[in-house]
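# Results of the structural survey
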Amino acid sequence: MFAKYAYRRLSLLCFMLFTLTIFTFALNYLFPGELVTNFSGEVNSSYAQTQALVEKYRIEENIFVQYGAFMARMFEGDWGLSLSSGQPVLSHVQHLFPATLELCLYALTVAVIIGVPSGVIASAYHKKWPDKLINSLSLMGFSIPVFWLALLLIMAFCLGLGLFPMSGRIGLLYEIQPVTHFILIDIYLEGFPYGGAAFWDALHHLALPTVVLAMYPTTVLIRFTRDSMLEVLDQNYIKTARAKGLNRSQLIIHHALRNALLPVIKQIGLQFSTLITLAMITEVIFSWPGIGRWLIESIYQRDYPAIQGGLLAVSFFVIIANMLSDFIHSILDPLARNQAHGKV
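Summarised in this report is the structure supplied together with it. Just so we're clear, the structure is a prediction, and the values are computed from it rather than from any experiment.

Calculation notes
- Residues numbered from 1 in each chain as written.
- Predicted model: local features only at pLDDT ≥ 70, side-chain atom pairs only at ≥ 80, totals over all residues.
- Heavy atoms only, no water.
- Helix = DSSP H or I, 4+ residues; strand = E, 2+ residues; numbered from the N terminus.
- Contact = heavy atoms within 4.5 Å.
- Areas by Shrake-Rupley, 256 points an atom, 1.4 Å probe, with all protein chains shown as cover.
- Lys, Arg positive; Asp, Glu negative; His and termini not counted.
- Charge placed at Lys NZ, Arg CZ, Asp CG, Glu CD.
- Axes fitted to C-alpha atoms, helices over the stretch in contact; angles between N-to-C directions.
- Left-handed = near helix turned anticlockwise from the far one by under 90°.
- Nonpolar A, V, L, I, M, F, W, Y, C, P; charged D, E, K, R; others polar.
- 1 Å grid on protein atoms, 1.4 Å probe; cavity = no way out; pocket = protein on both sides within 12 Å on 5 of 7 lines; lining within 4 Å.
- Points joined across faces, edges and corners; volume = space filled by probe spheres on them.
- Buried < 20%, exposed > 50% of the residue type's maximum accessible area, 1.4 Å probe, protein only.
- Salt bridge = Lys/Arg side-chain N within 4 Å of Asp/Glu carboxyl O.
- Expected span 1.5 Å × (residues − 1).
- Polar contact = N/O pair within 3.5 Å; in protein donor to acceptor, adjacent residues only side chain to side chain.
- Disulfide = S-S within 2.5 Å.
- Parallel < 35°, antiparallel > 145°, perpendicular 65-115°, else oblique.

## Some thoughts on the overall build of the protein chain
- A count of helices and strands for the protein chain gives 14 helices and zero strands.
- Each principal axis of the C-alpha atoms in the protein chain carries an extent, and together these give about 85 × 60 × 40 Å.
- Pairs at least 24 residues apart make up 71% of the contacts formed inside the protein chain by residues separated by at least 6 positions.
- Surface exposure of the protein chain reaches about 18500 Å², of which carbon and sulfur atoms provide 66%.
- Positive and negative side-chain charges in the protein chain, numbering 22 and 21 respectively, have mean positions lying 21 Å apart.

Next up, the structure:
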């Protein structure tokens, strides 16, 4: 049964990735300008170079041959050249995407650490002052736009109090060799140079963007965990355990929490894909050198190969994250796997 479920999910994943590549390929025809330039990123090429590019990208062939050549180049790592920098698009993606992924991972960690326990506390004190306070704060955080919160924190903690830097990943005084392109890991690999000052400086740069990015998923996890816990606490086996004399903490920790967290695990994966989208706004405001900021700049500069490659990388990662979270949820919850097969 599980093998059949895994095969169906793998088939769905392949179909979604196939659809993504078709959309990415079609962008070459939707962008203005010459088709050869959209495919390759080469500008001001000579006649001989243009003819070589036409042959390489099969421009004079039918659309199916062009798509096959496009897929072959994608697997080979030939994603074209950026019109603004003249560098390979794949190189930009490899260097910039870890910064975005790092920011999203830390934001998701903060969201889980704060959101899940807060949702459990709110459900444990249902309709009492802790529940009302947590609900009010989560509703307030959910309603605050990301860009407004970022600007407010910059005014208060950067310009006003001077506690945090307002841009970048690390100060210009520190030279860290990029090995993994995850700044904290690279500092660790170098053995915490500068007496550990580089590590603390990187944490200071990371603090405000992480808080801003974590605000939305934290509020979502609070409300989702609270509703899931209340649903479980209303089950008959919980009422039976309560009738046997178990106190509130025993009911939550030993009986309700495990079942209530199963749907929360899937929601965590969905929030991670949402963070990739919200990171674009956060990176622009804090000048965070990630793929989101690079994509926004590419749109302003009409850098079509960069837009195409960036969207392909981000969309691919979002699809993988969603499918992986759904797969993990199905492993932990056999009932969800049976419902996927139309069984109860």
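## Some details on the packing of helix α6 (residues 129–143) against helix α9 (residues 197–233)
- For the pair α6 and α9, the least separation of the axes is 8 Å and the interaxial angle reads 140 degrees. As α6 runs across α9, the sense of the crossing is left-handed. On the side of α6, the interface is formed by Asp131, Ile134, Asn135, Ser138, Leu139, Gly141 and Phe142, while α9 contributes Met215, Tyr216, Thr219, Val220, Ile222, Arg223 and Arg226.
- Of the residues assigned to the contact of α6 with α9, the class counts are seven nonpolar, four polar and three charged.

## Overview of empty space enclosed by the protein
- Under the counting rule described, the total for this entry stands at one cavity of 30 Å³ or more.
- The volume enclosed by the largest cavity comes to roughly 40 Å³.
- As for the largest cavity, its lining consists of Phe39, Tyr57, Phe70, Arg73, Met74, Asp78, Trp79, Gly80 and Gln308.
- Looking at which element gives the most residues to the lining of the largest cavity, the answer is helix α4 (residues 63–76), with three residues.
- Residue classes in the lining of the largest cavity are distributed as five nonpolar, two polar and two charged.

## What to know about the environment of aspartate 227
- With respect to the element layout, aspartate 227 can be found in helix α9.
- A relative accessible area of 44% places aspartate 227 in the partly exposed class.

## Describing the side chain of histidine 92
- Within the element layout of this structure, histidine 92 appears in helix α5 (residues 89–124).
- With relative accessibility at 18%, the residue histidine 92 sits in the buried group.
- Setting aside residues up to four positions removed in sequence, histidine 92 forms contacts with Ser82, Ser85, Gln87 and Trp294.

## Considerations on the pattern of salt bridges
- The final tally for this structure, using the stated rule, is four salt bridges.
- The partner of arginine 226 in a salt bridge is aspartate 131, and the shortest N-O contact between them spans 2.8 Å. Placement of the pair is arginine 226 in helix α9 and aspartate 131 in helix α6, with a sequence separation of 95 residues. This pair shows no difference in class: arginine 226 is buried, exactly as aspartate 131 is.

## Looking at the layout of surface pockets
- Space inside the largest pocket adds up to approximately 310 Å³.
- Around the largest pocket sit 14 residues that line it, and Thr21, Met74, Trp79, Leu312 and Phe316 are the ones nearest its centre.
- Class assignment for the residues of the lining of the largest pocket results in 13 nonpolar, one polar and no charged.

## Topic: α4
- The end-to-end C-alpha distance of α4 is 20 Å, a good match for the 20 Å that 14 residues give at a rise of 1.5 Å each.
- Every buried residue of α4 is accounted for by Gln66, Tyr67, Ala69, Phe70, Met71, Arg73 and Met74.
- Where α4 begins, the side chain of asparagine 62 points an oxygen toward the backbone nitrogen of phenylalanine 64, at a separation of 3.0 Å.
- Glycine 77 occupies a position one or two residues after α4 and carries a positive phi of about 90 degrees.

## Observations concerning the state of the cysteines
- Taken as a whole, this structure holds zero disulfides when the rule is applied.
- The thiol of cysteine 104 is not disulfide-bonded; the next cysteine sulfur, from cysteine 158, is found 20 Å away.

## Digging into unusual backbone geometry
- Phi angles above zero are rare outside glycine, and lysine 127 is one such case at about 65 degrees.
- Tracing the backbone through its elements, the reader meets lysine 127 in the loop between α5 and α6.
- For lysine 127, a relative accessible area of 63% corresponds to the exposed category.
- Notably, phenylalanine 192 is not glycine yet its phi reads approximately 50 degrees, a positive angle.
- Relative to the helices and strands, phenylalanine 192 resides in the loop between α8 (183–189) and α9.
- Given the relative accessible area of 35%, phenylalanine 192 is considered partly exposed.

## Some remarks on the packing of α5 against helix α12 (residues 291–300)
- It is the contact of α5 with α12, at a shortest axis distance of 7 Å, that shows an interaxial angle of 130 degrees. Between α5 and α12, the angle falls in the class oblique. Residue-level inspection shows Val89, His92, Val93, Leu96, Phe97 and Thr100 of α5 in contact with α12, the latter providing Ile291, Gly292 and Trp294.
- Here the residues of the contact of α5 with α12 are counted per class, giving six nonpolar, three polar and no charged.

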